[in-house]
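Structural characterization, general
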Amino acid sequence: MAPLWPPRRDILMTVIFGIVVFTMPIWLQPFGAAYPDLMQRFAIYGIFAIGFNILFGLTGYLSFGHAAFLGVGSYTAVWSFKLLSLNIIPAIICSTLMAGVFAVVIGYVSLRRSGIYFSILTLAFAQMCYNLAYSVLTPITNGETGLRVLRDDPRIIDAMFGSTAVAVPRAEIFGIAITGMTGFWACAVCLMIAFYVALRITRSPFGMMLRGIKSNQTRMSYVGVNTRPYTLVAFIISGMYAGLAGGLLAIVDPLAGAERMQWTASGEVVLMTILGGAGTLLGPFVGAVIIKYFENIFSSLGDATLADAFSFLPPSVEHLVVTIVSPFVGEGWHLTLGVLFMIVVIFLPGGLVEGFRRIGRLFRSRER
């Protein structure tokens, strides 16, 4: 069994990670990313990637359908606001549990196969969920318009306490509206809890079993270990993380749409995990921050911004530099991300976290 009290190294890692997360409004300021909406997305997609890493990073099972759980979490959170209460606690619990239920069904079927066949099955399930949400289940999902919270929703729990009369229905916790920086702090707390749970799972005998499955599942089967229950539990936990992330997306923006279930969202979390470092604890969060930063900051850069940035150069050199750099920013930010991803895959198969470790080892060797 895992020790009841985590080792000192794990406590130190959790504390450092907490400092990094809760000081984001400070250290992101020089990068132009210290505004609430973007920091919320850093935290939410960090949770999504950390959960995906439990399946892919520890067991080696590559899912192309995790966006289905993200969408299920969002829809469930909005229905929680509509039927139960605007308080975020029931929404978080319901979205996480509902995603877990879907993960049981999808995982039970998909895990009958492995490798590329497992990946294709999860992709097929995700596309089925997307099409159902977009067309067939319109009474539940509101189709392409999206599901949102309305003033005349029943909100049973709020009605019991006489608090249904609100001018603008917004997610709250004990009367505090989840907007702006309050929304970021709520997401940051959830991120810290998600990170600590992932840390304990990784360090536990269950986590060691998952790593054994990734290393050589066939050998484990030959020695009499039934690996399927372990992979199913990992799939369910990973799906619940995605459901939590989807619920938080609906909390900071009370609108759930089918686009969150598209295959591109599933591919995005794969990129996040590989870019940061699959199988590492910090890598998925690092990858999520980088991709969301590129998506929101690099995509907003234009020729005028570049001209201001390089205005210290002589005019002819400035024009040349802007001409070279401009295809990599603005609408071309995917090109920059693609180049970065190629560099990581070719030269740092372990992701950016592995690169940081190599740099750390290099400095330590020089000190000796």
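This write-up is about the structure you can find in this document. (Residues numbered from 1 in each chain as written. Predicted model: local features only at pLDDT ≥ 70, side-chain atom pairs only at ≥ 80, totals over all residues. Heavy atoms only, no water.)

**Re unusual backbone geometry**
Note the threshold: What counts as a helix is a DSSP run of H or I of at least four residues, what counts as a strand is a run of E of at least two, and both are numbered from the N terminus. Only protein chains enter the area calculation, which uses a 1.4 Å probe; residues under 20% of their type maximum are buried, those over 50% are exposed, and those in between are partly exposed.
Positioned with a positive phi, Asn-142 is a non-glycine residue whose angle comes to about 65°. With respect to the helices and strands, the residue Asn-142 is situated in the loop between helix H7 (138-141) and strand E1 (147-148). Note on Asn-142: relative accessible area 36%, which makes it partly exposed. With phi around 45°, Arg-155 is a residue other than glycine that occupies positive phi space. Along the chain, the position of Arg-155 falls in the loop between E1 and helix H8 (156-160).

**Overview of the packing of helix H5 (residues 88-110) against helix H11 (residues 228-252)**
Under the convention used in this document: Geometry is summarised by axes, namely lines fitted to C-alpha atoms with helices restricted to the contacting stretch, and by angles between N-to-C directions that run from 0 to 180 degrees. Each crossing is labelled by how the near helix is turned from the far one, with a counterclockwise turn of less than a right angle marking it left-handed and a clockwise turn marking it right-handed. Any pair of residues with heavy atoms lying within 4.5 Å of one another is described as a contacting pair. Side-chain classes follow a simple rule in which Ala, Val, Leu, Ile, Met, Phe, Trp, Tyr, Cys and Pro form the nonpolar group, Asp, Glu, Lys and Arg form the charged group, and the remainder, Gly included, forms the polar group.
For the pair H5 and H11, the least separation of the axes is 7 Å and the interaxial angle reads 145°. Between H5 and H11 the crossing geometry is right-handed. Here H5 contributes Ile-88, Ile-92, Ser-95, Thr-96, Leu-97, Ala-99, Gly-100, Ala-103, Val-104, Ile-106, Gly-107 and Tyr-108 to the contact with H11, which in turn contributes Arg-228, Leu-232, Phe-235, Ile-236, Gly-239, Met-240, Gly-243, Leu-244, Gly-247, Leu-248 and Ile-251. Its residues placed into classes, the contact of H5 with H11 shows 15 nonpolar, seven polar and one charged.

**Regarding the layout of surface pockets**
Stated precisely, the cut-off is as follows: The pocket and cavity definitions rest on a 1 Å grid over protein atoms only: a 1.4 Å probe that fits but cannot leave marks a cavity, an open set with protein on both sides within 12 Å along at least five of seven lines marks a pocket, and residues lining either have an atom within 4 Å of a point. Grid points are joined across faces, edges and corners, and a volume is the space filled by probe spheres set on the points.
What the largest pocket holds in volume is close to 730 Å³. Around the largest pocket, the lining comprises 21 residues; the ones closest to its centre are Met-13, Leu-281, Leu-282, Val-353 and Arg-357. Breaking the lining of the largest pocket down by element, the ones donating at least two residues are helix H1 (8-22), helix H9 (180-203), helix H13 (283-296) and helix H17 (352-367). When residues of the lining of the largest pocket are assigned to their parent elements, the largest contribution, six residues, is made by H1. When the residues that make up the lining of the largest pocket are grouped by side-chain class, the tally is 15 nonpolar, three polar and three charged.

**With respect to the side chain of Ser-85**
Definition in use: For this analysis, a polar contact is any N or O atom pair within 3.5 Å, provided that within protein one partner can donate a hydrogen and the other can accept it, and provided that sequence-adjacent residues contribute only side-chain to side-chain pairs.
For Ser-85, the position within the fold is in the loop between helix H4 (67-83) and H5. Assessed through its relative accessible area of 4%, Ser-85 is described here as buried. At a separation of 3.0 Å, a polar atom in the side chain of Ser-85 contacts the main-chain amide nitrogen of Asn-87. Those residues in contact with Ser-85 that sit more than four places away from it in its chain are Ser-80, Arg-155, Ile-157 and Asp-158.

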